[in-house]
Amino acid sequence: MLTDELGQGGTAAEGPGNRAEHQGRTSGNLVQLITPAGERVSHPEYDPWVQDVTDEQLCSLYEDLVVIRRIDTEATALQRQGELALWPPLLGQEASQIGSARTLRDDDFVFPSYRDNGVAYCRGIKLTDIIRVWRGNAAGGWDPYTVNMATSQIVIGSQTLHATGYAMGIQNDGADSVAITYFGDGATSEGDVNEAMVFAASFQAPVVFFCQNNHWAISEPVRLQSHIHIADRAAGFGIPSMRVDGNDVLAVMAATRVALDRARRGGGPTFIEAVTYRMGPHTTADDPTRYRDANELEDWAAKDPIRRVKALLDRKGLLTEKLEAAVQQKADAVAREMRSGCINMPDPEPLDVFKHVYSTPNSWLDRQQDHYARYLASFGDPAGAASEEGAH
Amino acid sequence: MTAAMIKEFRLPDLGEGLTESEIVNWKVNVGDTVRLNQVIAEVETAKAVVELPSPFAGVVTALHEQPGTVVEVGKPIVSFEVEGDADGPPAAGAEAEAEPAKREPNLVGYGAVVETTGRPVRRQRNLAAVPPLVEPAETERPPVEPAETKPAERPRSTPPVRKLAKDLGVALEDVHGSGRGGLIIRDDVLNFVGGGDLPAAGQEFAAAGAGQPPERAVSGQGEREVRSPIKGVRKLTAAAMVSSAFTAPHVTEFLTVDVTPAMELLARLKSSKAFAGLKLTPLTLVAKAALIALRRNPSLNSRWDEANQEIVQFNYVNLGIAAATPRGLTVPNIKDADRMSLAELSRALTELTESARAGKTSPADLSGGTISITNIGVFGIDAGTPILNPGEAAILAMGAVRKMPWEYQDQVALRQVMTLSLSFDHRLVDGEQGSRFLADLGALQADPGMALALA
């Protein structure tokens, strides 16, 4: 069996397996509150953390899930149409991103990887800002301080260091906000992530390590990278961890709340392994059929994060035509807005490359900019030269 | 509602840095009405088979490429009739000029393309509009020239090849580059000095010994070789050359002989008037003896030409001498050594070793060897299994001359003894010929007078 059996954690939950307070190994049980069939199952440890989620909020989560899937598929299409240079699809990981991001406060700070565009959506980042980098129009899409979310980190795992450092800053400020960092299963093999966890534990920094175990580090399966559950790696650092069904938006929400609460109360870092699956390619430049079994995809399609919420809403009698129409309308509108924003995005000016390199004036950079400006001027018509270059 | 208009969809770069893709099949026909993002085709790139979603809602008016065709990125593949405006995007790369610029493949992670010129090609300047500029960032460049003439550039090559050229005294400006984008590669340099298309060329010049068979070096003297015509120009890859060198099956034989008579002869010659001022050493006599023995055993002076399935029999001897030099081992050779008198040979040996030690061996001296001698005796070594200089059939290692108890006239006596080690290519040389050569050589050392019988 290549993949995890959601909800089939082997032995029944005995001992402190899923207890959030547990410092040792997780016993491998997955925290799950909604089954793949859409049944709400109770869990004594985690139910209290999502008790306040109203039907209305559940519908709202459903909308979020549908909308970011639509954003994702639209962006994938835009790449195929030559409008984006690259896109890292998040198909299948919607619940992990929505469930965690929707629990954050505005003053919490997010340090994402490149695939966390669903989190970016939840942080209120404009659609055009999300895709700006992927179109190749800018080195970063937004001002991190306006939304308390850093720009996407391409280097694997580096953002965990930034998060730990930021969390130590929060400690120094005496604030009760939290830094949360998103990364994948592959990143846990990187030195950066391990160093970040050492420091986070040493300083008991208010940081949440949110690992989306999507089972594939490009073509490297997680089972080759880690002979134990990823969550159990945290025990070696003295960081409490949880292993949750990453395709269950409520379970993810509950686990993130546990971790945030601990951090706010001075309890230090927490590691969350959200067990999910990357149903699409690593990026639009990848062909996953070359390295993974089609059966595996089928198994995970059965555990789809959106379908189970839809089924739950149906069971609760909340899945009205009106709701479906409204959600569809919202998704369409968002897709339309993003497409229009994308194809009408003005090309950057050649001299824009000098912006945002330093926050303060820098004479060397100024000199380079001056040289480049004169170089461009040597073509006679800088605007013409620039637009010609832009066409390639 | 505005009027209908035709929109083209140009093939985008579907991966990272792809230049072309193959149309696998069309999912639509001309006349079909398609929705935005409806899959219209399957396309195979170097990385993946992907589905192309339609960038427009409209009616397909033309499919420009057949399934199975490889299409360059930027070329139109399908046209649509769409209602004006709406949210339809411009076609991918629609602003691009009609003939898309040729792009070199440069997949992410595959390294940069070697450009034919090291700096950006400038567009024609609008001189009237722009005052002349001094460009501080480019002070190291040659003076700005008119756009029509290209600045002189250092020939494009790689550091190891530049070093090779420098070692061989070759100016890269004179060499034609046959690599990608005119890059001068190792073979170009070796071909320039001659013999580059021979099996030894793939060897590291200094390390493997540079004595290369004389195919090019002796062109014009063809009557001295027995050869069939070569069809076309043969160009072996470096891998094949290395393989060829390693595929020669080596056999090594040893013979220890009493060389006291040869040493006595050497002493007499040194004091003779005819050899005044010449440097006579055991090597001189061994070399001469080898040349004499070769006349009776010519198969040791030949070459295996794998590519042409020919054996090249040399009717001359370019005698290679392995020399320890500041650059490492080199094997310069003495041209036509078989036609030299002992005095001439002695002089040639002295010149050759001196220039080798000074690092001044010329490329010509390094190429075209037919057989080699390595004098390990100078290091106090007795015997070894020398490795063939690539392209040659035999190599002789001469050991140190030692005073040893030896059988002499049925008594044990203190004699001067030397071990000769001969490696030969068993494809070319049978055990019989190799053994006879070595035995002749030994006989000539044990009794130099045998030269009268063998020569």
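Keep in mind that this is a model prediction, so the values were computed, not measured. (Residues numbered from 1 in each chain as written. Chains lettered and ligands numbered in written order. Predicted model: local features only at pLDDT ≥ 70, side-chain atom pairs only at ≥ 80, totals over all residues.)

**Digging into the overall build of chain B**
- Summing up its helical and strand segments, chain B has 10 helices and 20 strands in all.
- Counting only residues that meet the buried cut, chain B has 37% of its 455 residues in that class. (Helix = DSSP H or I, 4+ residues; strand = E, 2+ residues; numbered from the N terminus. Buried ≥ 20, exposed ≤ 12 C-beta atoms within 10 Å, placed from the backbone.)

**Description of the overall build of chain A**
- A count of helices and strands for chain A gives 16 helices and 7 strands.
- The proportion of buried residues among the 392 residues of chain A is 47%.
- Counted over contacts in chain A with a minimum sequence separation of 6, partners at least 24 positions apart contribute 76%. (Contact = placed C-beta atoms within 7 Å.)

**A few points about the nonpolar core**
- Membership of the largest hydrophobic core comes to 90 residues, with the highest contact counts inside it found for A179(A), V207(A), V208(A), V244(A), A254(A), A255(A) and I272(A).
- The contacts of A179(A), once residues within four sequence positions are left out, are F109(A), F111(A), A163(A), Y166(A), A167(A), I170(A), P206(A) and V207(A).
- Counting 50 residues, the second largest nonpolar core, distinct from the first, contains V259(B), L300(B), A394(B) and I395(B). (Core = buried A, V, L, I, M, F, W, Y, C linked by C-beta atoms within 7 Å.)

**Structural notes on the pairing of strand 20 (residues 411-425) of chain B**
Residue and element names in this part refer to chain B.
- Direction of pairing for strand 10 (residues 250-258) relative to strand 20: antiparallel, over a ladder of 9 bridges. Along strand 20, the bridge assignment pairs V257 with M418.
- As defined by bridge partners, strand 18 (residues 394-398) adjoins strand 20 across 5 bridges and the pair is classed as antiparallel. The residue bridging A394 from the neighbouring strand is F424, located in strand 20.
- Of the pairings in the sheet, the one linking strand 19 (residues 402-408) to strand 20 comprises 7 bridges and is antiparallel in character. By the bridge assignment, Y408 is partnered in strand 20 with Q411. (Pairing = 2+ DSSP bridges.)

**Focus on the sheet that holds strand 8 (residues 76-83) of chain B**
Residues and elements named next belong to chain B.
- Reading across the sheet, the 4 strands line up as 1-8-6-3 and stay open at both edges, with antiparallel pairing between neighbours. The open sheet terminates on both sides in strands that have one partner only, identified here as strand 1 (4-10) and strand 3 (33-34).
- Here 4 bridges tie strand 6 (residues 58-63) to strand 8, and the two strands are oriented antiparallel to one another. Within strand 8, the position partnered with L63 by the bridge is V78.

**A look at the sheet that holds strand 3 (residues 207-213) of chain A**
All names here are of chain A.
- Taken together, the 5 strands give an open sheet; going across it, the order is 1-2-3-7-6, and neighbouring strands pair in parallel fashion. If you trace the sheet from one side to the other, it starts and ends with strand 1 (109-111) and strand 6 (241-245), each paired once. Averaged over all pairs of adjacent strands, the angle between strand axes in this sheet comes to 20°, irrespective of strand direction.
- Its contacts with the sheet place helix 11 (residues 249-264) against strand 3, strand 6 and strand 7 (270-275), and it is angled at close to 170° to strand 7. (Axes fitted to C-alpha atoms, helices over the stretch in contact; angles between N-to-C directions.)

**What to know about unusual backbone geometry**
All names here are of chain A.
- Within the chain, I218 stands out as a residue other than glycine whose phi angle is a positive 50°.
- For I218, the position within the fold is in the loop between strand 4 (216-217) and strand 5 (220-221).
- You can call I218 partly exposed: it has 14 C-beta atoms within 10 Å.

**A closer look at the packing of helix 2 (residues 55-80) of chain A against helix 3 (residues 94-101) of chain A**
Residues and elements named next belong to chain A.
- Relative orientation of the contacting elements helix 2 and helix 3 amounts to 130°, with a least axis distance of 10 Å. Classified by the angle their axes make, helix 2 and helix 3 are oblique. For the element pair helix 2 and helix 3, the recorded crossing hand is right-handed. Between helix 2 and helix 3, the contacting residues are L61, D64, L65, I68 and R69 on the first element and E94, A95, Q97 and I98 on the second. (Parallel < 35°, antiparallel > 145°, perpendicular 65-115°, else oblique. Left-handed = near helix turned anticlockwise from the far one by under 90°.)

**Overview of the confidence of the model for chain B**
- On average, residues of chain B score 76 in pLDDT, and 71% of them are at 70 or above.
- A low-confidence stretch, residues 86-103 of chain B stays under pLDDT 50, and its non-local contacts, those more than four residues away or across chains, total 40 contacts. (pLDDT = per-residue confidence, 0-100.)

**Observations concerning helix 6 (residues 282-296) of chain B**
Residue and element names in this part refer to chain B.
- Over its 15 residues, helix 6 extends 22 Å from the first C-alpha to the last, a length consistent with the 21 Å expected when each residue adds 1.5 Å.
- With 12 of 15 residues buried, helix 6 lies mostly within the body of the structure.
- Among the residues of helix 6, those classed as buried are P282, L283, T284, L285, V286, A287, K288, A289, A290, L291, A293 and L294. (Expected span 1.5 Å × (residues − 1).)

**Thoughts on the pairing of strand 2 (residues 179-184) of chain A**
Residue and element names in this part refer to chain A.
- The element strand 2 is extensively covered by neighbouring structure, given that 6 of its 6 residues are classed as buried.
- Burial along strand 2 is two-sided: A179, T181 and F183 facing one way and I180, Y182 and G184 facing the other are all buried.
- Inspection of the sheet shows strand 1 paired to strand 2 by 3 bridges, in the parallel sense. In the sheet register, F111 faces strand 2, and the bridge partner there is T181.
- Crossover handedness for the path strand 2 to helix 8 (residues 191-202) to strand 3: right-handed. (Right-handed = clockwise from strand over helix to strand, strands pointing away.)

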